[in-house]
Amino acid sequence: MPEPNTVIAFDGRDEAAALTLRLIQHARQQICFFGQTLDKALFDNVVCVDAIQSFLLASPRSSLQVLLRDSELSAKQSHRLTPLIDKLSSRVTVRQCDKLHQDISQSLLLIDRTAYLQYPKPSRYQGTACVDAPGQSQQYQQLFDTVWQQGHADSFSRRLHL
């Protein structure tokens, strides 16, 4: 991993997935994800699911918040995270983005309010990440928190344990 405050530019699904895993492995209290769907390229692999499970079981204060613009599509796709979300539902919350914020195309992975991974378009895995950027992470976290507060649980995620 590069120096803690170095911004890492990535271009491609494999680079984004590798950075996602590294960030999750460093998480101690909170992981937040905001995206179009429960991103299969980033999270639908055994190593990532194991890292998230280890994170969630490491502390009773660990939490995973997932905010989706299209939870219906996520519910229709099979995903390795779904059984884990069901099993650890007291530590994982999934919400649907409100219609007011559907125009935000950016995807965000936020770790402990200090680290982030972001890419502006869900169809292109081209963006930046940083392990230790409290200022930038706080800006992303404020966006996430605003959209989260205005979001809601929906029938698809409840019915399918997302």
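Everything below is about the structure printed above this text.
Calculation notes
Residues numbered from 1 in each chain as written. Predicted model: local features only at pLDDT ≥ 70, side-chain atom pairs only at ≥ 80, totals over all residues. Heavy atoms only, no water. 1 Å grid on protein atoms, 1.4 Å probe; cavity = no way out; pocket = protein on both sides within 12 Å on 5 of 7 lines; lining within 4 Å. Points joined across faces, edges and corners; volume = space filled by probe spheres on them. Nonpolar A, V, L, I, M, F, W, Y, C, P; charged D, E, K, R; others polar. Helix = DSSP H or I, 4+ residues; strand = E, 2+ residues; numbered from the N terminus. Buried < 20%, exposed > 50% of the residue type's maximum accessible area, 1.4 Å probe, protein only. Polar contact = N/O pair within 3.5 Å; in protein donor to acceptor, adjacent residues only side chain to side chain. Salt bridge = Lys/Arg side-chain N within 4 Å of Asp/Glu carboxyl O.

A. Summary view of empty space enclosed by the protein. For the coordinates displayed, the defined rule picks out one cavity of 30 Å³ or more. Each pocket or cavity is described by its volume, and for the largest cavity that value is around 30 Å³. Around the largest cavity, the lining residues are F33, L38, F43, I52, L64, V66 and L81. When the residues that make up the lining of the largest cavity are grouped by side-chain class, the tally is seven nonpolar, no polar and no charged.

B. Spotlight on the side chain of D44. Secondary-structure assignment places D44 in the loop between helix 2 (40-43) and helix 3 (46-58). Relative accessible area serves as the criterion here: at 16%, D44 is assigned to the buried category. One polar contact links D44 to K40, side chain to side chain, over a distance of 3.0 Å.

C. Structural view of the pattern of salt bridges. Counted under the stated rule, the structure contains two salt bridges. With a closest N to O distance of 3.0 Å, D44 and K40 form a salt bridge. The class for K40 is partly exposed, based on a relative accessible area of 34%. Salt-bridge contacts for D145 lead to R113; the nearest nitrogen and oxygen are separated by 3.5 Å. Here D145 is found in helix 6 (residues 134-150), whereas its partner R113 is found in the loop between strand 5 (107-111) and strand 6 (115-119), with 32 residues between them in sequence. Given the relative accessible area of 21%, D145 is considered partly exposed.

Interpretation note: all reported values are geometric properties and have no functional meaning in isolation.
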